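Geometric and topological summary
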Amino acid sequence: MKCVFSSEWDKFSQQTYAENHGDIPYGDITKIHENDIPNHDILTAGFPCQPFSTIGLRQGFNHETQGTLFFDIVRILKAKRPKAFLLENVSGLKTHNEGKTFEVIQKTLQNELDYKIYFNILDSADYGVPQHRRRIYIIGFANELTKDQNFNFQWPAKNKKVVGIGRHIEQHSTGYNISTHLQNSYIFKVDDGRPQIVDENSNFPVKTLVSTYHKIQRLTGTFVKDGSTGLRLLSENECKAVMGFPKNFIVPVSRTQMYRQFGNSVAVPVVQKIAKQIKASLIQVEANTIKIKKDKALV
């Protein structure tokens, strides 16, 4: 498959994307007209759910999702009518605003846009990633495709074994250290088993990597028992490992931006496996369509 269009408003994320893919993404999708986007077979996107909190409070809009990034996904789907889409969000999307947000999303995708949707909350730790990261994935197929008697979509099977972070831990005497003062005054100020500390013997996945990881939060963070002060932040390669990125992935930005970008990213192996299932479903429909055309030609 070939990517025909990408959109990213953050200049630092654009830089990372360009370094690895040789292409600078277009900017703010809310300012890009849907007709200027090339035709495509599959749309992939992520979107924040917080703006949906005001649903029902706005008046005078043409669509109840207007003002959210999901609205821009809707207008692109409506204009380009791709065969399939893959959307990703935090697991809390399903219960956000007492479930009203997800009701609007389902109604829009199914009733207004005429897609058959599948959704599931998957944990990246079940798919070979040394990190617990529960995310909701929403898959959609154009209804005209799902009417094919051979159409089938299956979620990827879970791995039989969980991968621990220990095998990915490196040794760093400098560069990522957390000062002893911060450790004594904040990190270990309370003996409550937090934060999560790992080393090369840790045979379990780490907590969810968040975009604010660089702020060293004791309740949500995972830190490494290593370095000249005895405790440090995850290194670049360790971040790549917990998100499923290859070691040769280029990180051209500052450490703060690196943590923010990895924390905002998807777990790559999970999306790869879902994408393979989407592709398999589309290939099956295409093969059946070709067979029907051949059979008709023989009659």
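Before reading further, recall that the structure is shown in the block above.
Quick look at the structure, then. (Residues numbered from 1 in each chain as written. Predicted model: local features only at pLDDT ≥ 70, side-chain atom pairs only at ≥ 80, totals over all residues. Heavy atoms only, no water.)

On to the overall build of the protein chain, then. Counting secondary structure elements, the protein chain contains 8 helices and 6 strands. Along the protein chain, helices (α) and strands (β) appear in the sequence α-β-α-β-α-β-β-α-α-β-β-α-α-α when read from the amino end. Classification of the 299 residues of the protein chain by burial places 43% in the buried group. Sequence-distant contacts, at least 24 apart, represent 71% of the contacts inside the protein chain between residues at least 6 apart. Approximately 16,300 Å² of the protein chain is accessible, and the part contributed by carbon and sulfur atoms is 50%. (Helix = DSSP H or I, 4+ residues; strand = E, 2+ residues; numbered from the N terminus. Buried < 20%, exposed > 50% of the residue type's maximum accessible area, 1.4 Å probe, protein only. Contact = heavy atoms within 4.5 Å. Areas by Shrake-Rupley, 256 points an atom, 1.4 Å probe, with all protein chains shown as cover.)

Let's shift gears to the nonpolar core. Soluble globular proteins: nonpolar side chains tend toward being buried together. The biggest cluster of nonpolar side chains holds 39 residues, and the ones touching the most others in it are Phe85, Leu87, Leu109, Ile138, Phe141 and Ile278. With 6 residues, strand β4 (residues 134-142) is the largest single contributor of residues to this core. For Phe141, the residues in contact, after removing those within four places along its chain, are Lys83, Ala84, Tyr115, Lys116, Tyr118, Thr146, Phe151, Phe153, Ile278, Ser281 and Leu282. In this structure, Ile165, Leu234, Cys239 and Phe262 belong to the second largest nonpolar core, which totals 26 residues. (Core = buried A, V, L, I, M, F, W, Y, C linked by side-chain atoms within 4.5 Å.)

For the rest of this paragraph, the subject is the pattern of salt bridges. Under the definition given, this model contains 13 salt bridges. A salt bridge links Asp72 to Arg75, with the nearest nitrogen and oxygen atoms 2.8 Å apart. Of this pair, Asp72 and Arg75 both sit in helix α2 (residues 69-80), 3 residues apart, which is roughly one turn of that helix. Accessibility assignment for this pair places Asp72 and Arg75 in one class, buried. (Salt bridge = Lys/Arg side-chain N within 4 Å of Asp/Glu carboxyl O.)

Now for the environment of Leu122. Position of Leu122 among the secondary structure elements: in strand β3 (residues 115-123). Separated by 148 residues in the primary sequence, Leu122 and Val270 place their C-alpha atoms 8.3 Å from one another.

On to the packing of aromatic side chains. Tallied over the full model, the rule gives 14 aromatic pairs. For the pair Phe5 and Tyr26, a centre-to-centre distance of 5.0 Å together with 20° between the ring planes defines the contact as stacked. Here Phe5, found in the segment before α1 (11-21), pairs with Tyr26, found in the loop between α1 and β1 (42-46); they are 21 residues apart in sequence, far enough to count as distant. Looking at Tyr26, the relative accessible area reads 52%, which means it is exposed. Through a chain of ring-to-ring contacts, the aromatic side chains of Tyr118, Phe141, Phe151, Phe153 and Trp155 assemble into a single cluster. Residue placement shows Arg81 over the ring face of Tyr115; its charged tip is 4.3 Å from the ring centre. (Phe/Tyr/Trp six-rings, centres within 6.5 Å; stacked < 30°, edge-to-face > 60°. Lys NZ or Arg CZ within 6 Å of the ring centre and 35° of its normal.)

Read from one edge of the open sheet, 4 strands run β1-β2-β4-β3, paired in mixed fashion. If you trace the sheet from one side to the other, it starts and ends with β1 and β3, each paired once. Sheet twist, expressed as the average angle between the axes of neighbouring strands with direction ignored, equals 15°. Lying over the sheet, α2 contacts β1, β2 (84-90) and β3, oriented at roughly 175° with respect to β1. (Pairing = 2+ DSSP bridges. Axes fitted to C-alpha atoms, helices over the stretch in contact; angles between N-to-C directions.)

What follows deals with the environment of Phe119. Within the secondary structure layout, Phe119 lies in strand β3. With near-sequence residues (within four places) excluded, Phe119 lies in contact with Lys94, Phe102, Gln106, Ile136, Tyr137, Ile138 and Trp155.

Residue position: Asp199 is located in the loop between β5 (196-198) and β6 (222-224). Summary of buried charges: Asp199 has no salt-bridge partner, and the nearest side chain of opposite charge, Lys225, is 5.2 Å away. A polar side-chain atom of Asp199 sits 2.8 Å from the main-chain amide nitrogen of Asn201. Non-local contacts of Asp199, meaning those with residues more than four positions away in its chain, are made with Gly166, Ile169 and Lys225. (Lys, Arg positive; Asp, Glu negative; His and termini not counted. Polar contact = N/O pair within 3.5 Å; in protein donor to acceptor, adjacent residues only side chain to side chain.)

Take the packing of helix α6 (residues 236-243) against helix α7 (residues 255-264) next. Orientation of α6 relative to α7, taken along the N-to-C sense of each, is 10°, at an axis distance of 10 Å. If you check the angle between α6 and α7, you find them roughly parallel. Only Met258, Tyr259 and Phe262 of α7 make contact with α6, whose side of the interface consists of Glu236, Cys239, Lys240 and Met243. Partitioning the contact of α6 with α7 into residue classes produces 5 nonpolar, no polar and 2 charged. (Parallel < 35°, antiparallel > 145°, perpendicular 65-115°, else oblique. Nonpolar A, V, L, I, M, F, W, Y, C, P; charged D, E, K, R; others polar.)

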